[in-house]
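Examination of the molecular architecture
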Amino acid sequence: MNNPYFDLLMWARGPGFDIALTIMVGGILLRLVEIFVLGRKKDLAAPKGNGVLQGLRTVFTRSVPRKGAMKEAPVTYIAGYLFHIGFFVAFLFLGAHIALIGDLIGIQWPAANKALIEIATAIAVVALIALLWTRFKDPVRRALSTFDDYLVWVLSILPLVTGYAAVNTMFGDSTLMMAIHMLSAEALMIAFPFTKLMHAVTFAVSRYYNGSIQGRKGAES
Amino acid sequence: MADKPLLPELMKAHGISRRGFLKYCATLTSMMALPPILAPKVAMALEGASRPSVIWLSFQECTGCTEAITRSYAPTIEDLIFNAISLDYHHTLQAASGEAAEAAREAAMEENWGNYLVIVDGSIPLANPGFSTIAGISNLEMLKQTAEGAAAIVAVGSCAAFGGIPHADPNPTGAVSVADIITDKPIINVPGCPPIPVVMTSVLAQFLAFGLDSIEVDDLGRPKAFYSETIHDRCYRRPFYDKGLFAESFDDEGAREGWCLYKLGCKGPTTKSVCATVKWNDGTSFPIQAGHPCLGCTEPDFWDNGGFYKPLSVPAGDYRKLGLAAVAGGAVLGVAGGAIARSVKSSAAAKHEPVTPDDLEKKS
Ligand code: SF4
Ligand code: SF4
């Protein structure tokens, strides 16, 4: 006699995770190598500024909204920040996640308490809903939205909601909810290299690229 | 059997007062998740009713289940209930063996056909009937024979309930649970490796007092009164889990402070049992209290849950090798993809026909 929920959990912890990790790591590498192999044409003009320095600077300065942008799209900015902070606090400071990261790369750090994780999760979920709302409300943004945008939204909110449910034994069997939570995270991992989620890696590359081009020409960011 | 002494006489013989017995019935009643008002009914039923014949079959097992039920509290009222039911066959406990014992089993079956209770501990090997036999009868055959005239079957221990340790990968004997074989009789699973003695006796007491229908079971055939909450739900270390304080090894500061054992592989969050509240050895302690993570022994396939000391959130497979392959594969594909993109780019550049302002004017 077996328990299908337990079997699902073991699949998620076993082959499911292996598949997801392989696709994610392989995919990220594929995309990055592809970008770097393309290379850049040599700039023969005499540099008017320090491209490298400006490139590195831009990686960070672009994290701050440019002047006036906050007024134009407050929800996008504020909810954008809150989502990222909430998501990463929940991801990086839950004990169970730290155990996973420790097993993966051998580094561990102290866990946060449940209240903090749950507040972070709630903030991230509310922020995602707000972002979806602005996407729907604004006709321009709605027209610009593609399948990829909605897919990534669903894939981002699912681990948050299912994780909250699993920890608080909501919506049913705790083993099943834990399995679903892991599967939702694995779906996110698989989609990562092939959707806009890849920005979590490429943002640094593209910001550096733009910053260094402009920097060489003497513009400062 | 009718000539067995009734419970009050046995109580007297064991030096147990009536007050002690009533207290025990009240405890049982609350354990069974029944309202306290039913305690007298439990007492009456246990005292008076004629005791059904019980046949206890032990198959591929370690005798841990029998050890638990007979030794850990003895002599107590739990033990008494076992004396009080008519335990007509239990080849670990009975004096007779071989054919004489089988004759006793057959006689009990015949006499109580359709009414006796079968308790099973141990799994049943299907790969080869010769792997486990009793008086030359294979476990499979004996189970089928005995189950036929049973009112109900109680599968005691994870081996009988789910296959247990013999069923663990690679399952050399082809071990299966009772429910994998018997499908036309009510089966109550009381898993655990071994189950908590008082849980076993409570299930039997409830069966005796209120009948089979009163025992509500979950999808895995486990009585809900004992298997509906996880260890984690009731664990006294839970506040540490919630605070994010974990023991990282068995002898660090966290372990000494009694912090949560999740990172040492505790399966409490996915394990349903009353260990954390009822505890063992007369309510003395339970594994987590003794500093060891829960192994999850009341759940199917607990032996194959990825490693007893691996946290639940940690992958159970061999992902590291795959990860390296992914890095290599990704890099190769990336180079190939990049090369394709480059050639597309250069062929596009080669095919590009320059357009002069004159051309544009001509067309418009
Ligand atoms: S469930 Fe555990 S204690 Fe009971 S027979 Fe099987 S291995 Fe032994
Ligand atoms: S020791 Fe185990 S059951 Fe107890 S709180 Fe920690 S994880 Fe949960």
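Each value, and the rule that gives it
- Residues numbered from 1 in each chain as written.
- Chains lettered and ligands numbered in written order.
- Predicted model: local features only at pLDDT ≥ 70, side-chain atom pairs only at ≥ 80, totals over all residues.
- Heavy atoms only, no water.
- UniProt positions renumbered as here; feature names shortened; annotations may be inferred.
- Helix = DSSP H or I, 4+ residues; strand = E, 2+ residues; numbered from the N terminus.
- Contact = heavy atoms within 4.5 Å.
- Buried area = accessible area lost by both parts, 1.4 Å probe.
- Salt bridge = Lys/Arg side-chain N within 4 Å of Asp/Glu carboxyl O.
- Polar contact = N/O pair within 3.5 Å; in protein donor to acceptor, adjacent residues only side chain to side chain.
- Nonpolar A, V, L, I, M, F, W, Y, C, P; charged D, E, K, R; others polar.
- 1 Å grid on protein atoms, 1.4 Å probe; cavity = no way out; pocket = protein on both sides within 12 Å on 5 of 7 lines; lining within 4 Å.
- Points joined across faces, edges and corners; volume = space filled by probe spheres on them.

- An unreviewed UniProt entry lists chain B under the name hydrogenase (acceptor), from Maritimibacter fusiformis.
- Under the UniProt heading Catalytic activity (unreviewed entry), the entry covering chain B gives this text: "H2 + A = AH2".

- As annotated in an unreviewed UniProt entry, chain A carries the name Respiratory nitrate reductase subunit gamma and is attributed to Maritimibacter fusiformis.

1. What to know about the UniProt feature "binding site: [4Fe-4S] cluster 1" (unreviewed entry) in chain B
All names here are of chain B.
- With numbering aligned to this structure, UniProt lists the feature "binding site: [4Fe-4S] cluster 1" (unreviewed entry) at Cys 62, Cys 65, Cys 159 and Cys 193. A maximum C-alpha distance of 9.8 Å among these annotated residues, which run over 132 residues, shows that they cluster at one spot.
- Turning to its location among the elements, Cys 62 is positioned in the loop between strand S1 (53–58) and helix H4 (64–71).
- With respect to the element layout, Cys 193 can be found in the loop between strand S9 (187–190) and helix H9 (197–210).
- Once residues within four sequence positions are removed from consideration, Cys 193 is found in contact with Ser 158, Ile 165, Cys 297 and Phe 302.

2. What to know about the interface of chain B and chain A
- Contacts between the two partners involve 53 residues from chain B and, on the opposite side, 40 residues from chain A.
- Summed over both partners, the interface of chain B with chain A comes to about 3,800 Å²; 61% of that surface belongs to carbon and sulfur atoms.
- Viewed at the interface, chain A and chain B are joined by one salt bridge.
- We note a salt bridge from Lys 272 of chain B to Asp 173 of chain A, for which the minimum N-O separation is 2.6 Å.
- If you look at where chain B meets chain A, you find 12 residue pairs in polar contact (both at pLDDT 80 or more).
- Looking at the side of chain B that touches chain A, the element that brings in the most residues is helix H15 (residues 319–351) of chain B, giving 16 residues.
- Residues that form the side of chain B that touches chain A fall into these classes: 23 nonpolar, 14 polar and 16 charged.

3. Focus: empty space enclosed by the protein
- Counted according to the given criterion, the structure contains four cavities of 30 Å³ or more.
- Empty space within the largest cavity amounts to approximately 90 Å³.
- In terms of lining residues, the largest cavity is bounded by His 232, Cys 235, Arg 237, Arg 238, Tyr 241, Cys 260, Leu 261, Tyr 262, Cys 266, Gly 268, Pro 269 and Ile 288 of chain B.
- Its residues assigned to classes, the lining of the largest cavity shows eight nonpolar, two polar and two charged.
- Approximately 70 Å³ is the volume found for the second largest cavity.
- For the second largest cavity, the full set of lining residues is Phe 6, Met 10 and Arg 13 of chain A together with Lys 267, Thr 270, Thr 271, Leu 295, Gly 296, Glu 299, Phe 302, Asn 305 and Leu 312 of chain B.
- Of the residues that constitute the lining of the second largest cavity, the class distribution is five nonpolar, four polar and three charged.

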